[in-house]
Amino acid sequence: MSIVVVPERYADKALGYKRDVDTVVRMRDYLVIGLFNTQADEASARFLSLPKGIAVHPQDGNDIETLFIEALERLRFTGTSPWVKRLWDSIKDIKNYECKDDQESRFISSTFYQFLAFLAAHPNELQYMLEDQASPDLSWVKEYIPFGIWSSPESVRPVTQADITTLFHAWHYKEKMDAKREKGKNTLRRFRNIEHLFTLPSISQEIIDLAGDTLLAASKMAGIIEKDPVLTSRILKVVNSAFYGFHRQIDSVEQAVVILGNDEVINLAFSIAIHKVLETISPQAAKRLWEHSLVVAHLSQWLGPHLSCTNKQRSYTVGLLHDLGKIVFMQRGYFIGGFEGPASLEDLASEERDSGISHAEMGAYIAERWNLPEAIVDGLMNHHLPSKARNMSLAVTVHIADVLAHCGRLDASKINTAAGKFFSESKAASISRETFSRTVENVTQRVKTILEA
Ligand SMILES: [Fe+2]
Ligand SMILES: [Fe+2]
């Protein structure tokens, strides 16, 4: 991949040299052309007859983000308009395509929380960038930042474009991105070796395969679950617990399936199977994380339909696994913050600084190695930045369920701005605050009864 920046007056000629696969965006007096699968020298040769064509290329073939930032720097980061986001989105698409045979890059080079935390730590500059009429539309930046941060900086002192440029230079974007990538690779290499510890119990894989099958007979499902006697007894214990409050005794999995329905039993079986993974970390931490995961799973299942996320089964699973990455890190003795509240940008940025990869990315990586459906991988990866998700309604559902579970209410300052916007335009916006608080309380109580079963 190369990027060529061509002065506008040569645009027609330049367009003649570009191929169908290449991306083109007009930006003020320039044409920015992204050349797919092309080295800089080849790009320069192709555009040789154009004066001042500027070809930049990443040192590492996959390093598109650095290239993008270099291109921005050449354009002095001025005049940022919707093209920045559009171009970035197209580059991301190409990048995803290019990294197909290198599965790990997708997780290492995805989100860059340090950059967002950096922006969030400079509310004055952020406000200036977002409000300055001369360089409008940086509004996409605020999609990535929690609502409380960009909406209410304490005091806005005059900031100039030069201040911002200096700040960005001083921050050393490229070096930090490189360090993240290097650390991320090492971390994943280390975790790959102990992957067997995190093998999804084989029964769970069968359960996942069943999940899409709506016409599944109760007996068939029961047959699969009954292959695992521990799972069977746990399921029966739970369905006979106060959580469900049935008056008569349920004594077979098949009966449980008939009464509760396929989805509910699949959720239950999946939860119990995943619980085994938690046994690899310290009992107190595991208990806390387990309870939290179950609350988020149940809240996601409840909230999903109000946010046009119709697949309840999937909301449950992503809610249940949203912090899978934390379990993996903790198992290896890494310190992971964000237990007292939903992980903040600072928490995620420090995970990235320490290991090159956040718990959201780590969870997605493990889920992919478990062959979980792409929708689940995507949901895990983006539960803290829903606007990056392919299925935004699923990511927003889990993001908000996470905030609800931690805070007991809808705390706008903890909710990502894009998620807040999505929420306010959905059916969920008409649910009263009291209903939210009451539901969280009920779910938390019910989950406690599951844990006691
Ligand atoms: Fe998380
Ligand atoms: Fe969480």
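Look up: the structure comes first, before these words.
Fair warning: this is a prediction, and the values are worked out from it, not measured in the lab.

Novice: Whenever I open this one, helix α6 (residues 113-120) confuses me. Can you help?
Specialist: Working note: α-helix, 3.6 residues per turn, so residues spaced by three or four point in the same direction. Of all 8 residues that make up α6, 8 are buried, and the element is covered over most of its length. Residues of α6 that are buried include every one of Y113, Q114, F115, L116, A117, F118, L119 and A120, and no others.

Novice: Would you mind showing me how to read the pattern of salt bridges here?
Specialist: Think of it this way: side chains of opposite charge can pair up when their charged atoms draw near. Across all of its chains, the model carries 8 salt bridges by this definition. The salt bridge partner of K180 is E361, with a shortest N-O separation of 3.4 Å. Residue K180 is located in helix α11 (residues 173-193), and its partner E361 is located in helix α21 (residues 359-369); the two are separated by 181 residues in the primary sequence. Accessibility assignment for this pair places K180 and E361 in one class, buried. Of the charged contacts in the structure, one is a salt bridge between D323 and K326, with a shortest N-O distance of 3.6 Å. Side by side, D323 and K326 carry an identical accessibility label, which is buried.

Novice: Sorry, what's going on with the coordination of the iron ion (ligand 1) here?
Specialist: By definition of the ideal shapes, a tetrahedral metal site with four donors has angles of 109.5 degrees and an octahedral site with six donors has angles of 90 or 180 degrees. The coordination sphere of the iron ion (ligand 1), as far as protein atoms go, consists of D323 (OD), H359 (NE2), H383 (NE2) and H384 (NE2), spread over 2.1 to 2.2 Å. Considering all 4 donor atoms around the iron ion (ligand 1), the spread of angles at the metal, 83 to 176 degrees, places the coordination shape in the irregular class. Each donor residue of the iron ion (ligand 1) lies on one chain, and together they are spaced D-x35-H-x23-H-H. In this structure, the iron ion (ligand 1) is positioned 4.5 Å from the iron ion (ligand 2), and both are ligated by D323.

Novice: Explain the pairing of strand β3 (residues 30-35) to me, please; I cannot follow it from the model alone.
Specialist: In summary, the side chains of a regular strand alternate between the two faces of the sheet. Burial within β3 is extensive, with 5 of its 6 residues counted as buried. Judged from the 6 bridges that link them, strand β1 (residues 2-7) and β3 form a sheet pairing that is antiparallel. Considered in β3, the bridge of S2 is made with L35.

Definitions and limits used
- Residues numbered from 1 in each chain as written.
- Chains lettered and ligands numbered in written order.
- Predicted model: local features only at pLDDT ≥ 70, side-chain atom pairs only at ≥ 80, totals over all residues.
- Heavy atoms only, no water.
- Buried < 20%, exposed > 50% of the residue type's maximum accessible area, 1.4 Å probe, protein only.
- Helix = DSSP H or I, 4+ residues; strand = E, 2+ residues; numbered from the N terminus.
- Salt bridge = Lys/Arg side-chain N within 4 Å of Asp/Glu carboxyl O.
- Donors = N, O, S within 2.8 Å, 3.2 Å for Na, K, Ca; no water.
- Tetrahedral: all angles 85-135°; square planar, octahedral: opposite > 155°, others 65-115°.
- Pairing = 2+ DSSP bridges.

It is worth stressing that arrangement in space is one thing and function is another; only the former is reported here.
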